[in-house]
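Structural description and commentary
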Amino acid sequence: MSKILDDVSRTFSEFLLIPQLTKQEHIPRHVSLRSPVAKFKEDSQPRLSLNIPIVSAAMQAIACPRLAIALAMHGGISTIHCSQSPQSQAEMIRTTKKYKAGFVKSSANISYSGNLGEVRRIVAQTGRKTVAVTADGSSNGLLQGLIFAGDIWPGEPDGKPVSELMVSMDKIKTATVGISLDKAIILLRACNQKCIPIVYENGHLDSLVFRRDAFSLNEFPLQMLDGEGSLMVSAAINTHDYIERVPCLLHEKVDFIFFDSSDGYSEFQKRGFDWIRKQYGPDIIIGGGNVVSAEGFNYLVRECDADFVKVGIGGGSICITREQKGIGRGQASALIDVVNARNKYLSETGIYIPICSDGGLANDTQIIIALAMGADFVMMGRYFASLEESASIKYNIRGKTYKAYWGEGSSRAKHWQRYSDSLQEKNITQFEEGVDAYVPYYGWLHEVLPITIAKLKSTMVSCGAITLQTFSKEAVMTTISQQTFIEGGTSNVLLKDEP
């Protein structure tokens, strides 16, 4: 006889938070939303943290460099889907990474003996408008001048030497390695240059600080930047072609990867983890999932060496896995079970495993509930599909604007690698686990995301918390009845406008 669990499969809409004492220091501007992505020892710092606990789903209808850039600028990270060739996915990573900020390693360099033809070729290849002239033409050579492509007159002959094109060092203000970014920006404003070269004491080039980055950092103080000043981005992989796909992604310096599967409690995922760890060691951040139980969590962490675990099967707005196959679990119940397993693992080993709640988030309130229950960050599809920056196109339907949104398990996605056991299978899409749909258009990310963040901070303050870790540790919740749910909305009034 099959085993029947005693608990009820619950969703986020069945819970409410009970307010706690709000002290004087509990105000929204004091709230930090930093959350870990990679596992870490309890007495140390995680290798990677998000500045806001939000990532976008790995879906064709959503993922593209435009969204990845916008979300990273606001402190989250976008995921580039694997429903495409490894080369195409790597190109999306490369395009996102071209957007840099802060101390930028020069990718456009030429030696003093070069000419204008070479400069034009370098500018075309790198997309950079500032070319560093170094003694050996390397990014860390002795700096001898700078060439600004925008200052070159049209019609200049390709043979014109670099020495006649560059701004020499006696006209360039530099700063020494070790200067803070804030001070470098102050110096940049004072000397009114296009950029400030950061050099070692021996005059060799380290990096460049550009004027546009000063504006960017002021407007987007939470942007996610890697060690080279590029925006961060993640990528999904599958259990079929990771041997070809992972090297392509790592070559473009993707910040973390994860297995994208509707059911991650499998030996196929372990085989993928084992190969990646053997080839690249423990430093690569790899997530596993999706799972909905303590057993699934323990398998991914103890057997597969996952850095974080994704939770959720069948909870997405366009996912019909539960309906089609009868597997899954209410997202709240799944998250509670996995969080309890994570906490037990922490007490046994002293190692903290971040958890991503993926799916089942119909509104901002449910994002808040997921984080209060112990998720370190949430992954969302429909939320981002409705935004201008998502990959899908807009439609006008009966006078209202919508965007196309389809699941990775739908026939439209044609994601054959995800579901087939063999590339030779013929009837791979006999049934669907996702639908093809439309979602209302909500506007630009910079208009929508700050409202979500404001709600989250306000709730945390009401619950007496200014960090996500305190929020999940001290949160008090209650389950609600159907009548409580109805009472929580508007009633007995005629609304002036739709919300």
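In case you missed it, the structure is sitting above this.
Everything in this summary refers to the structure shown in the same document. Fair warning: this is a prediction, and the values are worked out from it, not measured in the lab.

So, about the packing of aromatic side chains. By convention here, two paired aromatic rings are described through the distance between centres and the angle between planes. Within this structure, the stated rule accounts for 12 aromatic pairs. Ring geometry for Phe40 against Tyr352: centres 5.4 Å apart, planes inclined by 40°, an arrangement best described as tilted. Highlighted residues: Phe40 in strand β3 (residues 40–41) and Tyr352 in strand β18 (residues 351–352), separated in sequence by 312 residues. The exposure class of Phe40 is buried, given its relative accessible area of 16%.

The next thing to look at is helix α2 (residues 86–97). The first and last C-alpha atoms of α2 sit 16 Å apart over 12 residues, in line with the 16 Å expected at 1.5 Å per residue. Lining the buried residues of α2 we find α1 (65–73), β6 (79–80), β14 (234–237) and α6 (242–251).

A word on the sheet that holds strand β8 (residues 130–134). Read from one edge to the other, the open sheet built from four strands follows the order β7-β8-β9-β10, with strand pairing classed as mixed. Lying at the two open borders of the sheet, with one neighbouring strand each, are β7 (109–111) and β10 (167–168). Pairing of β8 with strand β9 (residues 143–148) involves five bridges; the strand directions are antiparallel. Paired with Thr130 across the two strands is Phe148, which belongs to β9.

Our focus in this paragraph is empty space enclosed by the protein. With the rule as written, the count across this model stands at one cavity of 30 Å³ or more. The computed volume of the largest cavity comes to approximately 40 Å³. Around the largest cavity, the lining residues are Val104, Lys105, Ser106, Ser107, Ala108, Arg128, Thr130, Leu208 and Phe210. The residue makeup of the lining of the largest cavity, split by class, is four nonpolar, three polar and two charged.

The next subject is the pattern of salt bridges. In the structure shown here, the tally under the stated rule is 22 salt bridges. Of the charged contacts, one joins Asp151 and Lys194 as a salt bridge, the two residues approaching to 3.0 Å between their closest N and O atoms. You can see Asp151 sitting in the loop between β9 and β10 and its partner Lys194 sitting in the loop between α4 (181–191) and β12 (195–199), a full 43 residues away along the chain. Look at Asp151 and you get partly exposed, because its relative accessible area is 48%.

What follows is about the sheet that holds strand β13 (residues 205–210). Spatially, β11-β12-β13 is the arrangement adopted by the three strands of the open sheet, whose pairing is mixed. Bordering the open sheet on either side are β11 (175–176) and β13, each of which pairs with just one other strand. Strand direction decides the pairing type here: β12 and β13, joined by five bridges, are antiparallel. In the strand pairing of β13, Val199 is matched with Leu205.

Tracing the sequence through the fold places Ser261 in the loop between β15 (256–259) and α7 (267–280). Sequence-wise, Ser261 and Gly288 are 27 residues apart; in three dimensions their C-alpha atoms are separated by 8.6 Å. A polar atom in the side chain of Ser261 sits 2.9 Å from the backbone oxygen of Asp263.

Quick look at the nonpolar core now. Residues Ile257, Phe384 and Phe471 are the most contacted members of the largest nonpolar core, which totals 102 residues. Not counting residues up to four positions away in its chain, the partners in contact with Phe471 are Leu17, Ile368, Leu371, Ala372, Leu456, Thr459, Met460, Cys463 and Ala465.

To continue, consider the pairing of strand β20 (residues 377–380). Both faces of β20 are covered, namely the face carrying Phe377 and Met379 and the face carrying Val378 and Met380. Bridge count between strand β5 (residues 54–56) and β20: three bridges; the pairing is parallel. Bridging across to β20, Ile54 finds its partner in Val378. Here strand β19 (residues 355–358) pairs with β20 via three bridges, running parallel. Across the sheet, the residue bridging to Cys356 is Phe377, located in β20.

Right, let's get into a nonpolar patch on the surface. A cluster of nonpolar side chains, contributed by Ile393, Tyr395 and Tyr438, occupies part of the molecular surface with about 300 Å² of accessible area. Summarising the element assignment, Tyr395 is placed in strand β21 (residues 394–397). We classify Tyr395 as partly exposed; its relative accessible area is 30%.

Okay, the pairing of strand β16 (residues 286–291) next. Extensive coverage of β16 is indicated by the burial of six of its six residues. Judged from the two bridges that link them, β15 and β16 form a sheet pairing that is parallel. Within the sheet, the bridge partner assigned to Ile257 lies in β16 and is Ile286. Crossover connection from β15 via α7 to parallel β16: handedness right-handed. Inspection of the sheet shows β16 paired to strand β17 (residues 308–311) by four bridges, in the parallel sense. Paired with Val291 across the bridge in β17 is Val311. Each parallel crossover has a hand, and for β16 linked through helix α8 (residues 294–303) to β17 it is right-handed.

Within the secondary structure, Asn115 sits in the loop between β7 and α3 (116–126). Using a relative accessible area of 26% as the deciding quantity, one classes Asn115 as partly exposed. Separated by 45 residues in sequence, Asn115 and Lys160 have C-alpha atoms that sit 5.4 Å apart. Residues in contact with Asn115, not counting those within four places in the same chain, are Ile110, Asp158, Gly159, Lys160, Pro161 and Val162. Among the polar contacts listed, one links the side chain of Asn115 to the backbone nitrogen of Gly117, at a separation of 3.1 Å.

Cut-off values and rules
- Residues numbered from 1 in each chain as written.
- Predicted model: local features only at pLDDT ≥ 70, side-chain atom pairs only at ≥ 80, totals over all residues.
- Heavy atoms only, no water.
- Phe/Tyr/Trp six-rings, centres within 6.5 Å; stacked < 30°, edge-to-face > 60°.
- Helix = DSSP H or I, 4+ residues; strand = E, 2+ residues; numbered from the N terminus.
- Buried < 20%, exposed > 50% of the residue type's maximum accessible area, 1.4 Å probe, protein only.
- Expected span 1.5 Å × (residues − 1).
- Contact = heavy atoms within 4.5 Å.
- Pairing = 2+ DSSP bridges.
- 1 Å grid on protein atoms, 1.4 Å probe; cavity = no way out; pocket = protein on both sides within 12 Å on 5 of 7 lines; lining within 4 Å.
- Points joined across faces, edges and corners; volume = space filled by probe spheres on them.
- Nonpolar A, V, L, I, M, F, W, Y, C, P; charged D, E, K, R; others polar.
- Salt bridge = Lys/Arg side-chain N within 4 Å of Asp/Glu carboxyl O.
- Polar contact = N/O pair within 3.5 Å; in protein donor to acceptor, adjacent residues only side chain to side chain.
- Core = buried A, V, L, I, M, F, W, Y, C linked by side-chain atoms within 4.5 Å.
- Patch = residues over 30% accessible without salt bridge, like charges linked within 9 Å, V, L, I, M, F, W, Y side chains within 5 Å.
- Areas by Shrake-Rupley, 256 points an atom, 1.4 Å probe, with all protein chains shown as cover.
- Right-handed = clockwise from strand over helix to strand, strands pointing away.

The values reported here are purely geometric and, on their own, carry no functional implication.
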